[in-house]
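Observations on the model geometry
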Amino acid sequence: MSTGPASGASVVRTAGLSMDYGSVLALDSLDLEIGGGVTGLVGANGAGKSTLIKILLGLLRPTGGGASVLGHDIASDGLAIRGLVGYMPEHDCLPPDVSASDFVVHLARLSGLPKTAARERAAEVLRHVGLAEERYRPMGGYSTGMKQRAKLAQALAHDPRLVMLDEPTNGLDPAARDDMLHLISRIGRDFGIAVIVTSHLLGELERVSDHVVVLDSGRLLRASATDEFLDTTGTLLVEVIGDDAQRRMGEALAATGLVCRPRGSLIAIEPGPPGGPDPHDLVRDTACRLEVGVIRIQADHRRIEDVFNDAGGGDHVGHAV
């Protein structure tokens, strides 16, 4: 597979991009730049994710602003963009009486590959997505996970420089979802193809994305490297075991001056003033005095969902299982 853009190179740029359907403002003056690697596009259903992808592919004409994909203007170069980009749609679009092999070969030939090259390319991408042994079966008999893999294979059939994956884990059970996320990571990191992947499941994007773009009601809430979303908060999470251990430990730590609160089965210890005692030492000494076992002490990290919670939209976005 060919090498895509470097992680620092611009893949997508938008300037004042808007899409007004009349009753719904799907995109609201969106200014955005996306580089190489794996970029997660996250937002609740109706946030504008699918609309953005269709505009970038030249399938929808925006009502305002503009954008470029891989240096091509969406207003004039839609055909060139679609020749360089692979697209995996959210909804089922597979002909049930056609095998995955014939389907991918057909789309590879539509992209301009000769018959022999198309067959070689189809065999390669079907092997990469784990459908080598099932490639001659009609896709109507496929499981949901196999259908998603076939859709991913067709998106890779013409050796694109960028793939756009719209809700690729939709309808998958946890095991199949993990497999799909692993494939997405391989595309972005092993094959060097830029990836834009949409999801309303926050934990998924934390796992596979180098960068995250957060949309809410067509507006940009935040765009940054994934690591910047997951910075430590300064809070320590402590898990203890023993008779009434959580309550006793929390009360004893609070008596030392630490600010503590329960978080499920854990004790959350807020950061103390600079120059104060090390909370790790206080946890150790308090656990020894109370004769309770410390299972773990770990730093608390922010999550992508905190961006929605801060903006008041967290109730509408799901979590990966």
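The preceding data block contains the structure.
An account of the accompanying structure is given in this report.

What counts and how
Residues numbered from 1 in each chain as written. Predicted model: local features only at pLDDT ≥ 70, side-chain atom pairs only at ≥ 80, totals over all residues. Heavy atoms only, no water. Helix = DSSP H or I, 4+ residues; strand = E, 2+ residues; numbered from the N terminus. Contact = heavy atoms within 4.5 Å. Areas by Shrake-Rupley, 256 points an atom, 1.4 Å probe, with all protein chains shown as cover. Pairing = 2+ DSSP bridges. Buried < 20%, exposed > 50% of the residue type's maximum accessible area, 1.4 Å probe, protein only. Polar contact = N/O pair within 3.5 Å; in protein donor to acceptor, adjacent residues only side chain to side chain. Expected span 1.5 Å × (residues − 1). Axes fitted to C-alpha atoms, helices over the stretch in contact; angles between N-to-C directions. Parallel < 35°, antiparallel > 145°, perpendicular 65-115°, else oblique. Left-handed = near helix turned anticlockwise from the far one by under 90°. Nonpolar A, V, L, I, M, F, W, Y, C, P; charged D, E, K, R; others polar. Salt bridge = Lys/Arg side-chain N within 4 Å of Asp/Glu carboxyl O.

1. Describing the overall build of the protein chain
Helix and strand counts for the protein chain come out as 11 helices and 14 strands. Considering only contacts in the protein chain between residues 6 or more positions apart, those separated by 24 or more positions represent 71%. Carbon and sulfur atoms make up 49% of the accessible area of the protein chain, which totals about 15,000 Å².

2. Focus on the sheet that holds strand E5 (residues 72-73)
Ordered by their spatial adjacency, four strands build an open sheet running E2-E1-E4-E5, and the pairing between neighbours is antiparallel. The open sheet has two free edges, formed respectively by strand E2 (25-35) and E5, since each of these has just one partner strand. With seven bridges joining them, strand E1 (residues 10-20) and E2 adopt antiparallel strand pairing. The partner of Ser10 across the bridge, within E2, is Gly35.

3. Observations regarding the side chain of Arg177
Position of Arg177 among the secondary structure elements: in helix H6 (residues 174-190). Its relative accessible area of 10% is what places Arg177 among the buried residues. Of the polar contacts made by the side chain of Arg177, one reaches the backbone oxygen of Leu172; its length is 3.3 Å.

4. Some thoughts on H6
Between its first and last C-alpha, H6 extends 23 Å over 17 residues, near the 24 Å set by a 1.5 Å rise per residue. Taken together, the buried positions of H6 are Arg177, Met180, Leu181, Leu183, Ile184, Ser185, Ile187 and Gly188. Note on H6: the residue one or two positions beyond its end, Gly192, has a positive phi of about 70 degrees.

5. So, the packing of helix H3 (residues 100-110) against helix H4 (residues 115-128)
In a pair of packed helices, the angle between the axes and the distance between the axes together describe the arrangement. Running from amino to carboxyl end, H3 crosses H4 at an angle of 130 degrees, the nearest separation of the two axes being 8 Å. Here H3 lies oblique to H4, going by the angle between them. Handedness of the H3/H4 crossing: right-handed. Contacts from Ala100, Ser101, Asp102, Val104, Val105, Ala108 and Arg109 in H3 reach Lys115, Ala118, Arg119, Ala122, Val125 and Leu126 in H4. Looking at the contact of H3 with H4, its residues break down into eight nonpolar, one polar and four charged.

6. Considering the packing of helix H5 (residues 144-155) against H6
Running from amino to carboxyl end, H5 crosses H6 at an angle of 15 degrees, the nearest separation of the two axes being 11 Å. Overall, the two elements H5 and H6 adopt an arrangement that is roughly parallel. Between H5 and H6 the crossing geometry is right-handed. Across the interface between the two elements, Gln148, Arg149 and Leu152 from H5 touch Asp179, Met180, Leu183 and Ile187 from H6. Its residues placed into classes, the contact of H5 with H6 shows four nonpolar, one polar and two charged.

7. Section: the pattern of salt bridges
Under the defined criterion, the tally for this structure stands at 16 salt bridges. Between Glu167 and Lys49 there is a salt bridge, and its shortest N-O distance comes to 4.0 Å. Residue Glu167 is located in the loop between strand E7 (162-166) and H6, and its partner Lys49 is located in helix H1 (residues 49-56); the two are separated by 118 residues in the primary sequence. Take Glu167: its relative accessible area is 4%, and that puts it in the buried class. Overlapping salt bridges bring together Arg121, Glu124 and Asp159 as one network.

8. Focus on the environment of Gly293
Tracing the sequence through the fold places Gly293 in strand E14 (residues 293-301). Between the alpha carbons of Gly293 and Asp243 there is a distance of 10.0 Å; along the sequence they are 50 residues apart. Not counting the four nearest positions on each side in its chain, Gly293 is found in contact with Glu239, Val240 and Ile241.

9. Some thoughts on the sheet that holds strand E3 (residues 38-42)
If you trace the six strands from one edge of the open sheet to the other, you get E6-E7-E8-E3-E9-E10, paired in mixed fashion. Pairing within the sheet leaves two strands with one partner each, and these edge strands are strand E6 (85-88) and strand E10 (219-225). Averaged over all neighbouring strand pairs, the angle between strand axes comes to 15 degrees, with direction disregarded. Taken together, the five bridges between E3 and strand E8 (residues 194-199) define a ladder with parallel strand orientation. When the sheet's bridge partners are listed, Leu41 is paired in E8 with Thr198. Running over the sheet, H5 touches E6 and E7 and is turned about 165 degrees from E6. Sitting on the sheet, H6 is in contact with E3, E6, E7 and E8, with an inclination near 150 degrees to E8.

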